[in-house]
Amino acid sequence: ELPPSEFMQVADSTWLVLSVVSNGREPSGCQATGVTKIARSVIAPLAEHHVSVLMLSTYQTDFILVRERDLPVVIHTLAGEFDIYKEESGECVPVTCDDVSNGFLKPKPAASPTLHPVQSPQTRFCVLTVAPDTLPAIATMLIDVLFYSHSPSWDAATGSQDLDSITFFSFSLIEGYISIVMDAETQKRFPSDLLLTSSTGELWRMVRIGGQPLGFDECGIVAQIAEPLAAADISAYYISTFNFDHALVPEEGIAEVIQLLQQRQESSR
């Protein structure tokens with residue numbers, strides 16, 4: 001319904017959402033584990049089969065977006081380990097490889113993915129949710145933060161933001177569940193009794209992936225972060241955006257994360 005505009009850039013792919021569930025139930029709770037729990041079983045195999053993904057962690061669960069044209073490859077790649085269902089009229093219907101086999105071509109082995117630079121700003125972030133019925137009480141503040149606050153200064157020559165700190169605010173509303181990521185200073189502007197986080201109230205640090213906009217055709221970007229963190233059993237909350245990817249990790253683990261990723265960069269040279 002959005003009117004065409006010279007100011008709006010739209011990727012040419014249509015994406016489908018994959019939700020990974022355990023024992024038939026959506027994972028829930030306060031501890032975000034993000035890419036860690038699905039790195040080996042979903043993200044790495046898709047990267048090996050040259051499937052580009054967008055990753056969206058939320059407070060409640062995690063979603064993987066794949067391009068619609070890649071669905072046959074996705075089904076064939078994951079069918080050996082997962083029961084796969086599609087939603088039709090609100091019902092979950094089993095999917096078999098035969099359902100999407102038309103035109104399926106065995107993918108060529110993926111080339112070694114580019115290891116993109118990573119940067120870690122000093123900003124501390126909170127992962128939050130809010131009860132839908134209390135949303136009107138903070139709606140004005142949300143609009144102000146989303147559209148009118150924070151005008152980051154950009155270096156016109158390099159197009160890069162000063163990453164000693166970073167402006168980042170994520171709001172998602174999925175099937176009635178609200179998930180918010182904001183920096184700790186912005187959180188102070190909201191009524192504390194309406195924003196819910198885990199009982200430990202942990203803070204998160206960010207690793208931003210990419211020195212320039214990543215595009216949508218490359219595969220293995222999420223895997224380059226997810227696999228080493230999964231091997232080290234480090235939780236990571238991951239959000240892909242139009243330009244860059246962002247992994248949030250518990251504040252106390254940021255030094256280990258940076259070391260792991262630097263070692264990976266050095267070993268690839």
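Parameters and conventions
Residues numbered from 1 in each chain as written. Predicted model: local features only at pLDDT ≥ 70, side-chain atom pairs only at ≥ 80, totals over all residues. Heavy atoms only, no water. Axes fitted to C-alpha atoms, helices over the stretch in contact; angles between N-to-C directions. Helix = DSSP H or I, 4+ residues; strand = E, 2+ residues; numbered from the N terminus. Parallel < 35°, antiparallel > 145°, perpendicular 65-115°, else oblique. Left-handed = near helix turned anticlockwise from the far one by under 90°. Contact = heavy atoms within 4.5 Å. 1 Å grid on protein atoms, 1.4 Å probe; cavity = no way out; pocket = protein on both sides within 12 Å on 5 of 7 lines; lining within 4 Å. Points joined across faces, edges and corners; volume = space filled by probe spheres on them. Nonpolar A, V, L, I, M, F, W, Y, C, P; charged D, E, K, R; others polar. Domains from an automatic or database assignment. pLDDT = per-residue confidence, 0-100. Buried < 20%, exposed > 50% of the residue type's maximum accessible area, 1.4 Å probe, protein only. Core = buried A, V, L, I, M, F, W, Y, C linked by side-chain atoms within 4.5 Å. Pairing = 2+ DSSP bridges.

The name given to the protein chain in an unreviewed UniProt entry is Cytosolic arginine sensor for mTORC1 subunit 1, with the source organism recorded as Origma solitaria.

Caption draft 1: A look at the packing of helix H5 (residues 221-231) against helix H6 (residues 254-267). H6 packs onto H5 with a crossing angle of 120° between their chain directions and a minimal axis gap of 10 Å. One element, H5, and the other, H6, form an angle in the oblique class. Crossing angle aside, the handedness with which H5 passes H6 is right-handed. When H5 is examined against H6, the residues Ala223, Gln224, Ile225, Glu227, Pro228 and Leu229 are found in contact with a partner set consisting of Val257, Leu260, Leu261, Arg264 and Gln265.

Caption draft 2: A look at empty space enclosed by the protein. This model, assessed by the stated rule, comprises 3 cavities of 30 Å³ or more. Considering only enclosed or pocket space, the largest cavity measures out at about 170 Å³ in volume. Along its surface, the largest cavity is lined by 21 residues, and Ser52, Val53, Glu218, Ile221 and Asp245 are the ones closest to its centre. Secondary-structure elements contributing two or more residues to the lining of the largest cavity are helix H1 (39-48), strand S2 (53-57) and H5. In terms of residue class, the lining of the largest cavity is built from 13 nonpolar, 5 polar and 3 charged. Summarising the domain contributions, the lining of the largest cavity has at least three residues from each of domain 1 (15-99) and domain 2 (118-150 + 161-268).

Caption draft 3: Region of the structure containing the confidence of the model for the protein chain. Of all residues in the protein chain, 84% attain a pLDDT of 70 or more, and the chain-wide mean is 84. Considering only residues more than four positions removed or in separate chains, one finds that residues 27-32, a stretch of pLDDT under 50, has 16 contacts. In this model, residues 152-159 is a region of pLDDT below 50 whose contacts with residues beyond four sequence positions or in other chains number 7 contacts.

Caption draft 4: H1, seen in detail. Along H1, 8 of the 10 residues are buried, which leaves the element largely enclosed by surrounding structure. Listed as buried for H1 are Ala39, Ser41, Val42, Ile43, Ala44, Pro45, Leu46 and Ala47.

Caption draft 5: Quick look at the nonpolar core. Ranked by internal contacts, the top residues of the largest apolar core, which has 37 residues, are Val35, Ile43, Leu46, Met55, Ile64, Val222 and Tyr238. Among the secondary structure elements, those contributing two or more residues to this core are H1, S2, strand S3 (62-67), helix H2 (71-78), strand S10 (204-209), H5, strand S12 (245-250) and H6. With 7 residues, H5 is the largest single contributor of residues to this core. There are two domains that each give this core at least three residues, and those are domain 1 (15-99) and domain 2 (118-150 + 161-268). Filtering out sequence-adjacent residues up to four positions away, Leu46 remains in contact with Val51, Val53, Val66, Val74, Thr77 and Leu78. In this structure, Leu142, Phe169, Ile180 and Ala184 belong to the second largest nonpolar core, which totals 15 residues.

Caption draft 6: Here's a closer look at unusual backbone geometry. A positive phi angle, near 50°, is found at Ser89, a position not held by glycine. Within the fold, Ser89 resides in the loop between strand S4 (85-88) and strand S5 (91-94). Phi is positive for Asp233, close to 60°, though the residue is something other than glycine. Checked against the element boundaries, Asp233 lands in the loop between H5 and strand S11 (237-240).

Caption draft 7: Up close: the pairing of strand S7 (residues 124-128). Of all 5 residues in S7, 4 are buried; the element is thus mostly enclosed. Both S7 and S10 contribute to a ladder of 2 bridges, which runs antiparallel. If you follow Phe125 over to S10, its bridge partner there is Trp204. Both S7 and strand S9 (residues 177-183) contribute to a ladder of 4 bridges, which runs antiparallel. For Cys126, the partnering residue across the bridge sits in S9 and is Met182.

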